[in-house]
Amino acid sequence: MPIIKVDNLYKEYHQRKGREGLTGAFKDLFNRQFKTVKAVDGVSFSIEKGEIVGYIGPNGAGKSTTIKMLIGILVPSSGKIDVNGIEPYKHRELNAKRIGVVFGQRTQLWWDIPVSETLSLMRYIYDVPEQQYLENLKIFSDILGLDKFYHTPVRQLSLGQRMRADISCALLHNPDILYLDEPTIGLDVVVKERIREFIREVNKSRNTTIILATHDMSDIERLSSRVMVVNSGKIMYDGNLNTLKRRYGTEETIVADLLGRIDDTSELKSMGVDKIIYDNNKITIKYDSVKINSSTVVRWLVEKVETKDISITVTPIEDVIRKMYAARN
Amino acid sequence: MKKYLKFIQISFNNGLAYRVEYFVGTFRNLVILLVQLAVWKALLTAGPVTTGSGVVTLREMTTYVVISSMIGTLLTVDVIFNMNDRIRNGQIGMDLVKPVNFQTYTFCNMLGQNMFSFLFQLLPILVIGVIFVGIELPSIFNFLLFLVTLINAIVIMFQMNYALGLVAFWYMRGWQSTIVWILNRLFSGRYIPLWFFPPILVTISYFLPLRLMYFVPISIYLGTMAPLDCLYSILQQFAWMLVLYGMTRLMWRAAIKKLVIQGG
């Protein structure tokens, strides 16, 4: 019995076409032109309890629109959604009790008051028992470091702190489903990793179903085995992440600024790396992530030499989609 | 229920974060009040004036002005601004993600704000009014009736603002508050009591809920309204509450269908 079932879902927007310039604005005043945009175009899928599903696509692919319909704050144009046995938009408040939501670009925290106040308010909103409340606060402090900014007003938090506070808010009431929409957008690598770690932990210990919408491939790589790729409102791929990578995008690049010297890079080649560019104190390593994974390469580097900065670039989702289209034609 | 009490408390705390803004508002209110008092003093110094509805003395008029500015601190259009902002920038999505009734939530926000205004804006006017201006004090019976009509006025003001706030779902411009502001200044009796209005405007005012916000409570406070008229006015208030309640419910249902959450 799937926890989420979506059947032939559509969402169309009527978008106002604003004409250019002053005369255009004047014309718009009397004769408005609209165009219909299909944000979600016949989407069907089902998700089992306890799954982590990556919902990936470029900006404007219809990811957020689908999530908003799943959480019940947007009414579908047509099609059916069943979450936990109810249609979300018809029973918004009931649905809201069982889910947690994090939008990377928004916050559900009260802007002018400390994080602690928002959390205690959330406790009343969701009727969280005291024991569970204290337990969760402890977990959030241990893993997310919530205690470091617990009494700070939200407007004074850094982006990473705010995101961690937002995730804490979304999980305080032990929801069945956690929706994450671009939860790591604009965050540095350390905070990103910490958040991913926490999400994985929550999924494992509480069997929380997690839907993660993102355009960052690396988010999904760390978290989910199942991935849905969307573009222009349609699902292009639904299945195993490794299969997807094997078929369309397996090239990764590691760039490192080194403080010392590496004498011999041939060992890397024998490990399966395709290409190495090494000059002075900068090394660029290109490899196929099916043959060798990033952590092996990074471990090798760190063992050999002192590094200042390491960055990993995976194939961007746009490239994967381009290859998908190319493969179809 | 507890969560809504908590909303009121948080909204009150929010007021503390913007206390300087409130204090500036207090100062602004006092300045406007002093100007009004000076104008009426100049007008009525020669003696009481006879109007369509009776004789008006200077003391009555100064009392009217002081009470009116006290009520003014509680009847603001902040709800419209707030809703417009939230709808326009999509933050309303985050409100709807919570298992909370949006209208009740908005109402609680306003109550918290009103409590703050009561302490830091209304009370200063009251103190100055009693000590320095020497306003009339009502009979206990009139005062209780005044309180009832005032509480009703706060509810009606909220419902009107809420309805106009919802309009932002269809029209993304903040013109609604300007309309309320203008009508309110004219027909509510906020600055000029309806006693001084030509009959045609008085007649129009009977078809609007605005008269019930300032003019009716203050007239009751002053004891210038006949007992039967008081009763009628209170019944009118309840009628308006019912009408507005039905209207906002219908609007909300339509708005939710139409809802487009702005931005990512």
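Residues numbered from 1 in each chain as written. Chains lettered and ligands numbered in written order. Predicted model: local features only at pLDDT ≥ 70, side-chain atom pairs only at ≥ 80, totals over all residues. Heavy atoms only, no water.

Scanning chain A for helices and strands turns up 12 helices and 13 strands. Dimensions along the principal axes, computed over C-alpha positions, put chain A at roughly 65 × 55 × 50 Å. Contacts in chain A between residues far apart in sequence, at least 24 positions, make up 71% of those at least 6 positions apart. As presented, chain A carries roughly 15600 Å² of accessible surface, and 47% of it is formed by carbon and sulfur atoms. For chain A, the centre of its 48 positive side-chain charges and the centre of its 43 negative side-chain charges are spaced 6 Å apart. (Helix = DSSP H or I, 4+ residues; strand = E, 2+ residues; numbered from the N terminus. Contact = heavy atoms within 4.5 Å. Areas by Shrake-Rupley, 256 points an atom, 1.4 Å probe, with all protein chains shown as cover. Lys, Arg positive; Asp, Glu negative; His and termini not counted. Charge placed at Lys NZ, Arg CZ, Asp CG, Glu CD.)

All names here are of chain A. Although it is not a glycine, Asn 84 sits at a positive phi angle of roughly 55°. Within the secondary structure layout, Asn 84 lies in the loop between β4 (78-83) and α3 (92-97). Here Glu 182, not a glycine, exhibits a phi torsion of approximately 50°, which is positive. Summarising the element assignment, Glu 182 is placed in the loop between β6 (177-181) and α7 (189-206). According to the relative accessible area criterion, Glu 182 is buried, its value standing at 7%. (Buried < 20%, exposed > 50% of the residue type's maximum accessible area, 1.4 Å probe, protein only.)

For the rest of this paragraph, the subject is the domain arrangement of chain A. All names here are of chain A. As far as domains go, chain A holds domain 1 (4-11 + 38-246) and domain 2 (249-328). Buried surface at the junction of domain 1 and domain 2, both sides included, amounts to about 1200 Å², of which 67% is carbon and sulfur. In terms of surface lost to domain 2, no three residues of domain 1 exceed Met 217, Met 236 and Lys 245, which account for 44% of the buried area on that side. Taken together, domain 1 and domain 2 are joined by 0 salt bridges. Listing elements by their share of the side of domain 1 that touches domain 2, those giving two or more residues are α8 (217-223), β8 (226-231), β9 (234-240) and α9 (241-248). Its residues assigned to classes, the side of domain 1 that touches domain 2 comprises 8 nonpolar, 5 polar and 3 charged. (Domains from an automatic or database assignment. Buried area = accessible area lost by both parts, 1.4 Å probe. Salt bridge = Lys/Arg side-chain N within 4 Å of Asp/Glu carboxyl O. Nonpolar A, V, L, I, M, F, W, Y, C, P; charged D, E, K, R; others polar.)

Time to look at the environment of Ile8(B). Residues and elements named next belong to chain B. Within the secondary structure, Ile 8 sits in helix α1 (residues 2-17). With relative accessibility at 14%, the residue Ile 8 sits in the buried group. A sequence separation of 226 residues divides Ile 8 from Ile 234, and the C-alpha atoms of the two residues are 26 Å apart. Once residues within four sequence positions are removed from consideration, Ile 8 is found in contact with Cys 108, Leu 111, Gly 112 and Met 115.

So, on to the pairing of β6(A). Residues and elements named next belong to chain A. With respect to burial, β6 is a largely interior element, 5 of its 5 residues being buried. Side-chain alternation along β6 places Ile 177, Tyr 179 and Asp 181 on one buried face and Leu 178 and Leu 180 on a second face that is also buried. Examined bridge by bridge, strand β5 (residues 99-103) and β6 share 5 bridges and lie parallel to one another. When the sheet's bridge partners are listed, Phe 103 is paired in β6 with Asp 181. For the segment spanning β6, α7 and strand β7 (residues 209-214), crossover handedness is right-handed. (Pairing = 2+ DSSP bridges. Right-handed = clockwise from strand over helix to strand, strands pointing away.)

Moving on: the packing of aromatic side chains. Summed over the entire model, instances satisfying the criterion amount to 23 aromatic pairs over all chains. Consider the rings of Phe45(A) and Tyr55(A), whose centres lie 6.1 Å apart with planes at 55°: the pair is tilted. Highlighted residues: Phe45(A) in strand β2 (residues 33-47) and Tyr55(A) in strand β3 (residues 52-56), separated in sequence by 10 residues. Residue Phe45(A) is classed as buried on the basis of its relative accessible area, which comes to 6%. On the numbers, 4.9 Å between centres and 70° between planes, the contact of Phe107(B) with Phe158(B) is edge-to-face. Of this pair, Phe107(B) sits in helix α6 (residues 102-133) while Phe158(B) sits in helix α7 (residues 140-166), and the two are 51 residues apart along the sequence. Of the residues examined, Phe107(B) reaches a relative accessible area of 23% and is grouped as partly exposed. Taken together through their ring pairs, the aromatic side chains of Trp110(A), Tyr4(B), Phe7(B), Phe102(B), Tyr105(B), Phe107(B), Phe158(B), Tyr162(B), Phe169(B), Trp170(B) and Trp252(B) make up a single cluster. In this arrangement the basic side chain of Arg123(A) is found over the ring face of Tyr124(A), its NZ or CZ atom lying 5.7 Å from the centre. The ring of Tyr133(A) is capped by Arg123(A), whose NZ or CZ atom sits 5.0 Å from the centre of that ring. (Phe/Tyr/Trp six-rings, centres within 6.5 Å; stacked < 30°, edge-to-face > 60°. Lys NZ or Arg CZ within 6 Å of the ring centre and 35° of its normal.)

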